[in-house]
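Here is what each chain is made of, one letter per residue.
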Amino acid sequence: MELSKPIIKISNLRKSYGFKEILKGINLDIYPGQVIGYIGPNGAGKSTTVKILTGLISDFEGEVMINDIDIKENPLAVKSQIGYVPENAELYDVLTPLEYLDFVGKLYGMEDTLIQQRAQQLLQAFGLKQNINNRMDTFSKGMRQKVLLISGIIHNPQIIVLDEPLSGLDANAVIIVKELISLLAKEGKTIFYCSHMMDVVEKVSDRILLISEGHIIADGTFEQLKTHQSESLEQIFSKLTGKEDGNADASNIISAIR
Amino acid sequence: MQKLTLKFILLFSKLWANMGIDVTQLKIIIETKLIIDDRRPLASFTKNQNKKPSKYSTWFQFFIFLLMGLMFLAFVIVIHDKFLATSLFLTLILSMLSLSLITDFSTILLDNKDQYIILPRPVNDKTVAFSRVLYMLIKISTQLMAMSLPGLIFVFISWGILAAFTFLIQLIIATLIAVFFVNIFYSLCLRFLSIQKFKDVINYIQIFFSIFIFLGYQIGPRVMESFTEGQTSVHSIKLLWLSPGTWIASFQALLVQDFSTLTLSFTALSICLLIIAISGSSQLFSKDFNSKIAQLAGGDNPVEKKQQYPEGQVPLYKKIEKIVTNSPLEKAGFSIIWLITARSREFKMQLYPTMAYLPIYFIFLFLQGKSDTFSERIDRVNGSGLYIMIFYLSLFTVLTVFQLITKSEKYKAAWIYYAAPIQQTGELMSGVLKSAFLKYFIPFNLIFLIICVPLFGAHVTNDILLATAIGGIESVLVMLFLVKSYPFSQAAENGKSRVLINLLVLGLLALVGYLHIVIHEYEMIIWVATIIAWIIFLIMIKYLKKENWKSLAFDDN
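How each quantity is defined
- Residues numbered from 1 in each chain as written.
- Chains lettered and ligands numbered in written order.
- Predicted model: local features only at pLDDT ≥ 70, side-chain atom pairs only at ≥ 80, totals over all residues.
- Pairing = 2+ DSSP bridges.
- Helix = DSSP H or I, 4+ residues; strand = E, 2+ residues; numbered from the N terminus.
- Core = buried A, V, L, I, M, F, W, Y, C linked by C-beta atoms within 7 Å.
- Buried ≥ 20, exposed ≤ 12 C-beta atoms within 10 Å, placed from the backbone.
- Contact = placed C-beta atoms within 7 Å.
- Axes fitted to C-alpha atoms, helices over the stretch in contact; angles between N-to-C directions.
- Parallel < 35°, antiparallel > 145°, perpendicular 65-115°, else oblique.
- Left-handed = near helix turned anticlockwise from the far one by under 90°.

Notes on the pairing of strand 9 (residues 207-212) of chain A
Residue and element names in this part refer to chain A.
Right, so step 1: Bridging between strand 3 (residues 35-39) and strand 9 involves four bridges; their strand directions are parallel. Bridge pairing links Ile36 to Arg207 in strand 9.
Right, so step 2: In this sheet, strand 10 (residues 215-220) lies alongside strand 9 in antiparallel orientation, the contact comprising five bridges. Each residue of the ladder has a partner; that of Ile211, found in strand 10, is Ile216.
Right, so step 3: Taken together, strand 9 and the strand that follows it, strand 10, pair antiparallel across an intervening segment of two residues, in which Glu213 is found at a positive phi of about 45°.

This is the structure we're talking about:
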C-alpha cells in the first residue's frame, strides 16, 4: 500500500492562535484505504488538525494537499471529497431524517433522485426505516448520531473524518459502526478517526497517530507502538504524553478534598 | 447601570434573608448571569460575534424608549390634574413594562439552563425563584429609566422636588409590581396549563401586545384630545379605577391634600398590592414551577409526529421547489426555510403577532370617518386609496421572516454549511429568499386580490402587482444588507426587544405606501411603474444569485 500515492499529504503544518502555537510543524502522508486513529491529550491540536483538513480553517502555515489539490487554493473541491461528522454535532431536529439528508445532500450538490435513493437505503441499513418520516426531535442521541453518520457518507466521499463518532451509541450500534469503518476502508476510503476511547481506536485503526503539544510523537500500527507485549494503547498513551503516573494524580485529588 | 441596580437590591439583604432567601447565593447567581450576558454566546460557527455589536443596539433601544417616554410625557404636560396625569403615566408605564416582560423576557424566565447548573446544588427554591425575578428587574431597569426619565425631569422642574421624589418612589413601586405580577402570572400559567398551552398563551399575549401598540397609534391622539378638552378627573373616569397605575398614583393626590375616601383607599390598595406581590411570588414559586420549566427543555414538540406523505406522493413544497429553483444549492435553501418555518414553534411564536396588524388595519379602514352605509364607506376607502396601505403592511410579515430566519435554538446545527462545499452562497440565499417570499408574501397578495377586486373594482390589480414587486425589491435589499448569516445559524439573544425595530420597519413601509397612494389615481403611471418594478425585481434576483456573502465565512474564534 505504501507504493500508492498519498491521498492526504501534510507538510510542515503550523497554526497559531495569537502567540500560542497549537500545531508546531506536522508532516504526514496518509494513503488510500488507511484507517487512521488520531489520538492525543486535550488541547494537543487534534481538533485544529481536523478543522484544517476539512477546510474550516484556512489561515495556517505549511501545505496540505488532498488528492493533489492544495486545500488553501481550492477548499471547495476538497470539501466535496470529505465526509465530516464533528464531535457532538447538532442537526436541525424539527426535520425528518429524510428531509435533513435531502438538505445536506443538496449542499453537496447532489441531485434529488440520487439523494432519495441513497438516503432510503442508508436509513434502512442503520435500522431507522421505521422512523424515516418522524421528526428527529423525538430521536434518541444514538439515532441522531446514526443520521449524522449517514449525512457524512451520503455523498460518497473519498475521505471520512469522524470525531468521537461513537458517543451516545449503544453497544449494537457501536458494532455496526466498527464494521462500517472496516468495510469503508476495504472500499478504498480513507478514515480519519479521532477519539479518546483507546480500546476502540486500538481495534479499528491500522495506523495510530499520537499528537502531543503540536507534534506527532508516535506513528505506527498498534503492534509497532508497543514496547512490551502486555501494553494497552491507554498505557502507551499515558507513557508518551508524560502522564505515566496517573495514580499519583488521583491521590492528590483525594487529599485535596479531604 | 445593571451593577448599580443589583447593589440597590442588595441593600435590603436583611429583608430578603428573613424571607428565607440565601443572599450570598442570590448575589452570585445574579452576578454570574450578568457576566454571561456580557459574553454573548460565542457560537463557534459564526462570525463577528466578538465585535461587541450589542453596545450600539443597546443605545438605539434606549433612544427609542426615550421617545416613548416623551410620548407618555405629553399626558403629564397637557393634563392639569396631577392625579389624573400620574395615573395615566403610571398606567402606561405599567402596561409597557408588563407586556415587554411577558413577551421579550419569557426566554429569561423560562431559561432551563438553571435546571442543570443550579438545581442539583443545595440552593433553595425561593432563592432560585427570587434570583430569576431580580434578574428580570435588572434587565428591565434600562427600559424603565428611558421611559420614565422625561417624565421625572418634567415633574422635578414644574411640580417641585417633593413631588418628584414621590414620583420616583411611585415608579419603583410600579416596576416592582409589574415584575412580580408577571412572575405570578407565569407561575399560575405553568401550574394550570400544559406546556404547550402555556406557550400558546404567551403567543396570544404577544399578538395582543402588537395590537395594543397599533391601536395606540390609531386612537392615542383622539383620547388625548378628549382629556384636554373637558375638565376630567380620576373621580369621574371609573375605568381608570381598575388600573393599578391609578392606585399608585394616589400618592400624588395625597401630596396636594386630596384626602377623599377614594384616594385613601387607592393608597391602601397599592400598598397591599406591593406586599401581596412580594410575598405572593416567593410563595408561588415552588418545586412545581421548576419541574415544569424542566419540561420546557424537552424541545419543541415532544409528541411523536409523523410527517405523512403517502408512498410516491411528492409533497407540495417539492413541487413548488421544482418550478422556482434550479441548482441543488438553491433547492437546499428553499426547502430548509420552507420546512423549518413550518415546524419551529420558536419561529412561529415570533412571526404570528406580525400578522395581527392586517385584519385590524382592515377594520379600521372601514370604521374611520362618518359615512353611514357600507357602500359609502367602500367608496370613500376606494377614493382615498387607503386600501393600498394594507398591501405594504403585509410586507411587514416577510421582512420579519428575514429577521427571524437566521436565528434558532439549534444554531449549532449550522456546522454543516461550513463543512459542505458551497460554491456560491448567493445560490443558497436566493433559495431562501424565494421560499420566504412565496410562503409569506404571495399568499397575502392573492387573498387581497380575491377580496379587493370584487370590493373596489379591477383597477386595484395594478396596485397589487406594483406592491408585490416593490415588496420583492425590498426583500432582496434586506437579504443583501441585513441578512448576515446562514439560515438558522445564530443564537437568539435574550431579552432583546424586537418591538422597536418592528415599529421602525412599519414606519418605513407606511412611507412607501403613502407615496403609492399619492399616485394611485393615475392608472397609466402605476402600470408603467409596475412593469419597471418587476423588471428590477427579476434582475435583482439574478444578481443575488451571483453574490457571495463574505460575512458568511467561517470564523474559528
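Still more ground to cover, so stick around.
Description of the nonpolar core
Right, so step 1: Among the nonpolar cores identified, the biggest contains 127 residues, and A:Tyr100, A:Leu107, A:Val161, A:Tyr193 and B:Ala436 are the most heavily contacted of them.
Right, so step 2: Per-element tally for this core: the top contributor is helix 20 (residues 388-404) of chain B, with eleven residues.
Right, so step 3: Core analysis: the next-biggest nonpolar cluster, separate from the first, contains 59 residues, B:Trp16, B:Leu92, B:Leu94 and B:Leu101 among them.

So, the sheet that holds strand 4 (residues 61-66) of chain A
All names here are of chain A.
Right, so step 1: One open sheet holds the four strands; their spatial order is 2-1-4-5, and the pairing between them is antiparallel. Edge strands, defined here as strands with exactly one partner in the open sheet, are strand 2 (20-30) and strand 5 (69-70).
Right, so step 2: In the sheet, strand 1 (residues 8-17) pairs with strand 2 via eight bridges, with the strands oriented antiparallel. Following the sheet pairing, Ile10 is matched in strand 2 by Leu28.
Right, so step 3: Sheet strands touched by helix 1 (residues 46-53): strand 1, strand 2 and strand 4. Its angle to strand 2, the strand with the most contacts, is close to 60°.

Quick notes on the packing of helix 3 (residues 97-107) of chain A against helix 16 (residues 328-343) of chain B
Right, so step 1: Here helix 3 of chain A crosses helix 16 of chain B at 150°, and the two axes come no closer than 7 Å. Taken together, the axes of helix 3 of chain A and helix 16 of chain B lie roughly antiparallel to each other. In the crossing of helix 3 of chain A with helix 16 of chain B, the sense of the turn from one axis to the other is left-handed. The segment helix 3 of chain A lies against helix 16 of chain B, with A:Glu99, A:Asp102, A:Phe103, A:Lys106 and A:Leu107 engaging B:Pro328, B:Leu329, B:Lys331, B:Ala332, B:Ser335, B:Ile336 and B:Leu339.

A few points about the environment of A:Tyr92
Right, so step 1: By the element assignment, A:Tyr92 lies in the loop between strand 6 (82-85) and helix 3.
Right, so step 2: Residues A:Tyr92 and A:Arg135, spaced 43 residues apart in sequence, show a C-alpha to C-alpha distance of 9.6 Å.

Some words on the sheet that holds strand 8 (residues 190-194) of chain A
Residue and element names in this part refer to chain A.
Right, so step 1: Pairing within the open sheet is mixed, and its six strands lie in the order 6-7-8-3-9-10. Either end of the sheet is taken by a strand with one partner, and the two such strands are strand 6 and strand 10. Shown here is a sheet whose adjacent strand axes are inclined to one another by a mean of 15°, direction ignored.
Right, so step 2: In the sheet, strand 3 pairs with strand 8 via four bridges, with the strands oriented parallel. Bridge pairing links Val35 to Ile191 in strand 8.
Right, so step 3: Across the face of the sheet, helix 5 (residues 141-153) comes into contact with strand 6 and strand 7 (159-163) while running at roughly 165° to strand 6.
Right, so step 4: Packed onto the sheet, helix 6 (residues 171-186) meets strand 3, strand 7 and strand 8 and runs at close to 145° relative to strand 8.

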